[in-house]
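Per-entry structural report
The residues making up each chain are set out below.
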Amino acid sequence: MFRSAVSSVAVVGLALAASLSVAFWMNRVTGADQAQAATPVFAAPPSPARGEPAQVLKGADGHFWADARIDGRAVPVMIDTGASVVALTLDDARRLGVTPNEADFVQVVRTASGPAPAAAVRLASVTVAGAEVREVEALVLKDGLPHSLLGMSYLGRLSGFEATPSALTLRP
């Protein structure tokens, strides 16, 4: 009886080892073990947006462009509901005084130009035409971004926004 219990434990142990080995190699083949962060993980937003409803007119190119005030300084941005977060070019970040270290570029995001290294930062405030959001999560991209983007880490904190054929209305 003792001998059958030992052999049963051995069989279960081998089966478990084989299962873990298969899982390990499947993970390696599919690339699931590689960082594919398209969206950084941040804490919950500390406060809702404030200010008055604002309108941003559609540009001649069909995009909504705004002069955002980020941490008190003007930064031209394209409003992009498809962007998970506010994404700053390295040049815009430097003008704002946001200078991530080389070691901070640990995330890789997919841009229209391909994958790009990014560093997570938190902006004290982002204001567009009077609609202000404080403590906004953002990424600084090393390259691959022709202009900064105003993404959902700002837009999602508004009570709402609505696009019409000619304008985008932002409601704090």
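Above this note sits the structure.
Note that the structure is a prediction, hence the values are computed from the model and not measured.

**What to know about the overall build of the protein**
- Summing up its helical and strand segments, the protein has 3 helices and 11 strands in all.
- Reading the helices (α) and strands (β) of the protein from amino to carboxyl end gives α-β-β-β-β-β-α-β-β-β-β-α-β-β.
- For the protein, buried positions account for 37% of its 172 residues.
- Of all intrachain contacts in the protein linking residues separated by at least 6 positions in sequence, the fraction that spans at least 24 positions is 62%.
- For the protein, the accessible surface area stands at approximately 10000 Å², while carbon and sulfur atoms represent 59% of it.

**Topic: the pairing of strand S2 (residues 54-57)**
- Here S2 shows one buried face, formed by Ala54 and Val56, and one open face, formed by Gln55 and Leu57.
- Alignment of S2 against strand S11 (residues 167-171), held across 4 bridges, turns out to be antiparallel. Residue valine 56 lies in a different strand from S11, and its bridge partner there is leucine 168.

**A short note on the sheet that holds strand S10 (residues 160-163)**
- The sheet built from 3 strands is open, its strands ordered S2-S11-S10 with antiparallel pairing. In the strand order of this sheet, the two ends are held by S2 and S10, each with one partner. The average undirected angle you get between the axes of adjacent strands in this sheet is 15 degrees.
- Relative to S11, S10 is paired through 4 bridges, and the arrangement is antiparallel. Directly across from phenylalanine 161, in S11, lies its bridge partner leucine 170.

**Section: the pairing of strand S8 (residues 131-141)**
- Taking burial as the measure, the 11 residues of S8 include 9 buried ones, the bulk of the element.
- As paired strands, strand S5 (residues 86-89) and S8 are joined by 4 bridges and run parallel to one another. Each residue of the ladder has a partner; that of valine 86, found in S8, is alanine 138.
- Taking the residues that link successive antiparallel strands as the turn, the strand S7 (residues 114-128)-S8 hairpin has 2 residues, and the phi of alanine 129 there is positive, at about 50 degrees.

**Section: the packing of aromatic side chains**
- Applying the stated rule across the entire model yields 0 aromatic pairs.
- Note that lysine 142 overlies the ring of phenylalanine 105, its terminal NZ or CZ placed 5.2 Å from the centroid.

**Section: the environment of proline 117**
- Inspection of the secondary structure assignment puts proline 117 in strand S7.
- A relative accessible area of 26% places proline 117 in the partly exposed class.
- Put simply, proline 117 and glycine 144 are 27 residues apart on the chain and 8.9 Å apart in space, counted from C-alpha to C-alpha.
- Discounting residues that sit within four places of it in the chain, proline 117 has contacts with Phe105, Gln107, Val140, Leu141, Lys142 and Asp143.

**A closer look at unusual backbone geometry**
- A positive phi angle, near 50 degrees, is found at alanine 129, a position not held by glycine.
- Structurally, the position occupied by alanine 129 is in the loop between S7 and S8.
- At glutamate 135, a position not held by glycine, the phi torsion is positive, near 55 degrees.
- Following the sequence through the fold, glutamate 135 ends up in strand S8.

Parameters and conventions
Residues numbered from 1 in each chain as written. Predicted model: local features only at pLDDT ≥ 70, side-chain atom pairs only at ≥ 80, totals over all residues. Heavy atoms only, no water. Helix = DSSP H or I, 4+ residues; strand = E, 2+ residues; numbered from the N terminus. Buried < 20%, exposed > 50% of the residue type's maximum accessible area, 1.4 Å probe, protein only. Contact = heavy atoms within 4.5 Å. Areas by Shrake-Rupley, 256 points an atom, 1.4 Å probe, with all protein chains shown as cover. Pairing = 2+ DSSP bridges. Axes fitted to C-alpha atoms, helices over the stretch in contact; angles between N-to-C directions. Phe/Tyr/Trp six-rings, centres within 6.5 Å; stacked < 30°, edge-to-face > 60°. Lys NZ or Arg CZ within 6 Å of the ring centre and 35° of its normal.

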